[in-house]
Amino acid sequence: MMNATEEFDPAVRSILDAAARRPVHERRVSVDGASLSGALAAADADGRVPLIAEVKPTSPTTAGTRTEDPVDLARAMVDGGAAALSVLTEPEHFGGSVENLERIRAAVDVPVLRKDFLLEPGHLDAVKADAALVIARFVDDVGEMVTAARERGFEPLVEVHSGAELETALDAGATLVGVNNRDLASLDVDLSTFERVAPGAPADVALVAESGIATPADARRMREAGADGLLVGSAIMAGEPREATEELVYA
Ligand SMILES: O=C(O)c1ccccc1NCC(=O)[C@H](O)[C@H](O)COP(=O)(O)O
């Protein structure tokens, strides 16, 4: 799906260049991953907004870096009612690491999504997680990545930004799809992206609204548009993670 001629924001170009330099691991990981989609459905069933809270120490669109122990941040998010966690493992632009993910996954009892820019199957083998992000825009063969993730025991969350990418994700057999409100070419955020793309998904596909969700009103808006789950980073990392998570979980 990657279009070599597409113009990207310089930060995204730099992220992709760094991702292409990552080692491809020789040894395949194997994990008995917990179900991310199951955790979202369980939270919904017990009256919580199904929230994937993201441990994102910094990002190209964030001023400053959170320097606390990421395990403390993660525990606060779970205490605030998060159904699952997303943990950045990208080191150069997001302050993440595979060690952060390993430590967080060992410390919490909710599924953990590995959030990174994984371009080929061998990139999946850096660390065990419950779920792995596959960004349709950035990989050459979405179907290959979906299969490779499942072979290792990860539930793939396939991220799209347009109706065409949603079609690609569905053709690849994705059953958990994230619609990113952030355009990764320009970094512009627009919540109407989810509202535009979501109606193209069949009812048996779980949809996650990603990025730009900052207030309880935003959370309700995405849920009304059909989101089975919300993925929130900046709004939680900007303040007290427990309180910020609670505010969205009980929106
Ligand atoms: O978050 C960024 O600044 C960013 C910059 C360049 C590429 C990707 C980026 N974010 C990836 C994400 O999808 C978000 O971390 C995630 O959806 C949470 O978004 P938000 O709640 O807006 O932090």
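Residues numbered from 1 in each chain as written. Predicted model: local features only at pLDDT ≥ 70, side-chain atom pairs only at ≥ 80, totals over all residues. Heavy atoms only, no water.

The name given to the protein chain in an unreviewed UniProt entry is Indole-3-glycerol phosphate synthase, with Haloarchaeobius iranensis as the source organism. For the protein chain, the Sequence similarities (unreviewed entry) comment in UniProt is given as "Belongs to the TrpC family." UniProt, in its Pathway (unreviewed entry) section for the protein chain, records the words "Amino-acid biosynthesis; L-tryptophan biosynthesis; L-tryptophan from chorismate: step 4/5." (UniProt positions renumbered as here; feature names shortened; annotations may be inferred.)

Engineer: For this particular structure, what's the right way to read the overall build of the protein chain?
Structural biologist: Tallying secondary structure elements over the protein chain gives eleven helices and eight strands in all. On C-alpha atoms alone, the protein chain measures out to a radius of gyration of 16 Å, which is about the 18 Å that the 2.2 N^0.38 rule sets for 251 residues. When each of the 251 residues of the protein chain is scored for burial, the buried share is 55%. Sequence-distant contacts, at least 24 apart, represent 67% of the contacts inside the protein chain between residues at least 6 apart. Accessible surface computed for the protein chain: about 10300 Å², of which carbon and sulfur atoms make up 47%. Counting 23 positive and 44 negative side-chain charges, the protein chain places the centres of these two groups 3 Å from one another. (Helix = DSSP H or I, 4+ residues; strand = E, 2+ residues; numbered from the N terminus. Rg over C-alpha atoms; globule rule 2.2 N^0.38 Å. Buried < 20%, exposed > 50% of the residue type's maximum accessible area, 1.4 Å probe, protein only. Contact = heavy atoms within 4.5 Å. Areas by Shrake-Rupley, 256 points an atom, 1.4 Å probe, with all protein chains shown as cover. Lys, Arg positive; Asp, Glu negative; His and termini not counted. Charge placed at Lys NZ, Arg CZ, Asp CG, Glu CD.)

Engineer: Help me understand a negative patch on the surface in this model?
Structural biologist: On the surface, a cluster of negative charge is contributed by Glu-120, Asp-140, Asp-141 and Glu-144. Structurally, the position occupied by Glu-120 is in the loop between strand 3 (112–115) and strand 4 (131–135). (Patch = residues over 30% accessible without salt bridge, like charges linked within 9 Å, V, L, I, M, F, W, Y side chains within 5 Å. Salt bridge = Lys/Arg side-chain N within 4 Å of Asp/Glu carboxyl O.)

Engineer: Is there a simple way to explain the UniProt feature "domain: Indole-3-glycerol phosphate synthase" (unreviewed entry) in the protein chain in this structure?
Structural biologist: Under the feature "domain: Indole-3-glycerol phosphate synthase" (unreviewed entry), the UniProt entry names residues 28–246. Annotation note: span residues 28–246, helix share 36%, strand share 18%, distance between end C-alpha atoms 37 Å.

Engineer: Help me understand the sheet that holds strand 4, please; the structure alone is not making it clear to me.
Structural biologist: Strand pairing in a sheet relies on backbone hydrogen bonds. The paired strands run either parallel or antiparallel. If you trace the eight strands once around the closed barrel, you get 1-2-3-4-5-6-7-8, paired in parallel fashion. Pairs of neighbouring strands in the sheet enclose a mean axial angle of 25°, with direction left out of account. Of the strand pairs in this sheet, strand 3 and strand 4 are connected by two bridges, and their pairing is parallel. Residue pairing in the sheet places Leu-113 in a bridge with Ala-131 of strand 4. (Pairing = 2+ DSSP bridges. Axes fitted to C-alpha atoms, helices over the stretch in contact; angles between N-to-C directions.)

Engineer: Would you mind going over the nonpolar core with me for this structure?
Structural biologist: One broad trend across soluble globular proteins is that nonpolar side chains are buried collectively. One finds Leu-85 and Leu-230 to be the most contacted residues of the largest nonpolar core, which totals 60 residues. Ala-84, Leu-113, Phe-138 and Leu-187 belong to the second largest nonpolar core, which has 28 residues in total. (Core = buried A, V, L, I, M, F, W, Y, C linked by side-chain atoms within 4.5 Å.)

Engineer: Where do I start with the site of the ligand in this structure?
Structural biologist: Around the ligand, 20 residues are found, and the nearest of them are Glu-54, Lys-56, Thr-61, Ser-211 and Ser-234. In this structure, Asn-180 approaches the ligand through a side-chain N or O atom, which is 3.1 Å from an oxygen atom. The contact in question runs from an oxygen atom of the ligand to an N or O atom on the side chain of Arg-182, over 2.9 Å. Here the ligand has 500 Å² of accessible area as a free molecule, and 97% of this is covered by the chains. Looking at the shell around the ligand, its residues break down into eight nonpolar, seven polar and five charged. (Near = heavy atom within 4 Å. Polar contact = N/O pair within 3.5 Å; in protein donor to acceptor, adjacent residues only side chain to side chain. Nonpolar A, V, L, I, M, F, W, Y, C, P; charged D, E, K, R; others polar.)

Engineer: Even after reading the chapter, I still don't get the side chain of Lys-56, so can you show me in this structure?
Structural biologist: Relative to the assigned elements, Lys-56 resides in the loop between strand 1 (51–55) and helix 3 (70–79). Its relative accessible area of 9% is what places Lys-56 among the buried residues. Apart from the residues lying within four places of it in its own chain, the contact partners of Lys-56 are Leu-88, Phe-94, Arg-182, Ser-234 and Met-237.

Engineer: What exactly am I supposed to notice about unusual backbone geometry here?
Structural biologist: Glycine aside, a negative phi is what most residues show, and trans is what most peptide bonds show. A positive phi angle, near 70°, is found at Leu-187, a position not held by glycine. Topologically, Leu-187 is positioned in the loop between strand 6 (176–180) and helix 8 (192–197). Residue Leu-187 is classed as buried on the basis of its relative accessible area of 18%. Residues other than glycine seldom take positive phi values, yet Ser-211 does so here, at roughly 75°. Within the element layout of this structure, Ser-211 appears in the loop between strand 7 (206–210) and helix 9 (216–224). Judged by relative accessible area, which is 11%, Ser-211 ranks as buried.

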